[in-house]
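Chain by chain, the residues:
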Amino acid sequence: EPEVTQTPSHQVTQMGQEVILRCVPISNHLYFYWYRQILGQKVEFLVSFYNNEISEKSEIFDDQFSVERPDGSNFTLKIRSTKLEDSAMYFCASTPGQTSTDTQYFGPGTRLTVL
Amino acid sequence: GQNIDQPTEMTATEGAIVQINCTYQTSGFNGLFWYQQHAGEAPTFLSYNVLDGLEEKGRFSSFLSRSKGYSYLLLKELQMKDSASYLCAARDTGFQKLVFGTGTRLLVSP
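Residues numbered from 1 in each chain as written. Chains lettered and ligands numbered in written order. Predicted model: local features only at pLDDT ≥ 70, side-chain atom pairs only at ≥ 80, totals over all residues. Heavy atoms only, no water.

Asks: Quick question: what am I supposed to make of the overall build of chain B here?
Replies: When you go through chain B residue by residue, the secondary structure sums to zero helices and eleven strands. When its helices and strands are written in sequence order, chain B yields β-β-β-β-β-β-β-β-β-β-β. By the compact-globule yardstick of 13 Å for 110 residues, chain B fits well, its C-alpha radius of gyration being 13 Å. The C-alpha extent of chain B, read off along each of the three principal axes, is 45 × 30 × 20 Å. Relative to its 110 residues, chain B shows a buried fraction of 49%. Restricting the contact set of chain B to residue pairs at least 6 apart, pairs at least 24 apart contribute 56%. Of the accessible surface of chain B, which amounts to about 5,000 Å², a share of 50% is contributed by carbon and sulfur atoms. Distance between charge centroids for chain B: 4 Å, based on 9 positive and 10 negative side chains. (Helix = DSSP H or I, 4+ residues; strand = E, 2+ residues; numbered from the N terminus. Rg over C-alpha atoms; globule rule 2.2 N^0.38 Å. Buried < 20%, exposed > 50% of the residue type's maximum accessible area, 1.4 Å probe, protein only. Contact = heavy atoms within 4.5 Å. Areas by Shrake-Rupley, 256 points an atom, 1.4 Å probe, with all protein chains shown as cover. Lys, Arg positive; Asp, Glu negative; His and termini not counted. Charge placed at Lys NZ, Arg CZ, Asp CG, Glu CD.)

Now the structure itself:
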């Protein structure tokens, strides 16, 4: 069964460094999302992406964040200058379309630790 | 504004039935989703409702009342492996982001 994959599974970085989190959505899906979950808290929406551009973003997704689909398969989240409070699990999700029956499928996540 | 409420924690016994409630208030609504999440893992899709009524999938059922802003997830014949967090999420209109509740941690004991 097709699944969303993410790399790396765990990333440790120093405050102020740039990180790139990678995702490979399910191949025939057209809509892509990033969510994050700080330890012990709820899953929060960051950004949605469709047709090679951001379609919606949350207040969390400030100028330090960017997303890109550099080729036909990868979908990346870049954090330019990491802060301690960026430590969280980052989940990528994808969905085939926007009909009422389309479900978002989540990748296994990347645990980002900022020291 | 958007608000999803569900109980923080519930306990139940193996073989029993448990109902996890969720109430929501969202500016746009296009369906209610339930996900299961084991600690340190990704949410995995369980069930969704777009129209009012009950949807059954094996041991899991989900109910929606749009007029009341209310949903529940029913788990039957509980097994130890059902110990996990259960996330209620309302799907927004537009580009359909999911708005999650804080999750209900279910502990199943022998």
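Having seen the structure, we can now continue with the description.
Asks: Hey, could you run me through the sheet that holds strand β8 (residues 75-79) of chain A in this one?
Replies: Strand pairing in a sheet relies on backbone hydrogen bonds. The paired strands run either parallel or antiparallel. Residues and elements named next belong to chain A. Reading across the sheet, the four strands line up as β1-β3-β8-β7 and stay open at both edges, with antiparallel pairing between neighbours. Strand pairing shows two members of the sheet lacking a second neighbour, β1 (5-7) and β7 (65-68), which therefore form its edges. Neighbour-to-neighbour, the strand axes of this sheet turn through a mean angle of 20°, independent of strand direction. Relative to β8, β7 runs antiparallel, the two being bridged by four bridges. Looking across to β8, one finds that Ser66 is bridged to Lys78. (Pairing = 2+ DSSP bridges. Axes fitted to C-alpha atoms, helices over the stretch in contact; angles between N-to-C directions.)

Asks: I keep staring at the nonpolar core and nothing clicks. Help me out?
Replies: The nonpolar side chains of a soluble globular protein tend to be buried with one another. Residues Trp34(A), Leu46(A), Phe61(A), Val67(A), Phe75(A), Leu77(A) and Tyr90(A) are the most contacted members of the largest nonpolar core, which totals 22 residues. Contributions of two or more residues to this core are made by β3 (19-24), β4 (31-37), β5 (43-50), β7, β8, β9 (88-95) and β11 (110-114) of chain A. Grouped together as the second largest cluster of nonpolar side chains are 21 residues, Cys22(B), Phe60(B), Leu73(B) and Ala84(B) included. (Core = buried A, V, L, I, M, F, W, Y, C linked by side-chain atoms within 4.5 Å.)

Asks: For this particular structure, what's the right way to read the packing of aromatic side chains?
Replies: Each aromatic ring pair is specified by the distance between its two centres and by the angle formed by the two planes. Tallied over the full model, the rule gives 23 aromatic pairs over all chains. Look at Phe49(A) and Phe75(A): their rings are 5.2 Å apart centre to centre, the planes differ by 40°, and that puts the pair in the tilted class. You can see Phe49(A) sitting in strand β5 and its partner Phe75(A) sitting in strand β8, a full 26 residues away along the chain. Here Phe75(A) falls in the buried class, since its relative accessible area comes to 0%. Here Phe33(B) and Tyr35(B) contribute two aromatic rings whose centre-to-centre distance is 6.4 Å and whose plane-to-plane angle is 20°, an arrangement assigned as stacked. (Phe/Tyr/Trp six-rings, centres within 6.5 Å; stacked < 30°, edge-to-face > 60°.)

Asks: Would you explain unusual backbone geometry in this entry?
Replies: Only a minority of non-glycine residues have a phi that is not negative, and only a minority of peptide bonds are not trans. Residue and element names in this part refer to chain A. For the bond from Thr7 to Pro8, the omega torsion is -10°, close enough to zero to count as cis. By secondary structure assignment, the location of Pro8 is in the loop between β1 and β2 (10-13). Notably, Asn51 is not glycine yet its phi reads approximately 55°, a positive angle. Along the chain, Asn51 turns up in the loop between β5 and β6 (53-57). Of note in the backbone geometry, Asn52 takes a positive phi value of approximately 65° without being a glycine. Tracing the chain through its elements places Asn52 in the loop between β5 and β6.

Asks: What am I meant to see in the layout of surface pockets here?
Replies: Gaps left between atoms show up when a probe the size of a water molecule is rolled over them. Reported here for the largest pocket is a volume of approximately 610 Å³. Taken together, 28 residues form the lining of the largest pocket, with Gln37(A), Gly40(A), Gln41(A), Gln37(B) and Ser85(B) sitting closest to its centre. Contributions of two or more residues to the lining of the largest pocket are made by β9 and β11 of chain A together with β9 (84-91) and β11 (104-109) of chain B. If you tally residues by element for the lining of the largest pocket, the top one is β11(B), at four residues. Broken down by class, the residue content of the lining of the largest pocket amounts to eleven nonpolar, 14 polar and three charged. (1 Å grid on protein atoms, 1.4 Å probe; cavity = no way out; pocket = protein on both sides within 12 Å on 5 of 7 lines; lining within 4 Å. Points joined across faces, edges and corners; volume = space filled by probe spheres on them. Nonpolar A, V, L, I, M, F, W, Y, C, P; charged D, E, K, R; others polar.)

None of this, on its own, says anything about what the molecule does.
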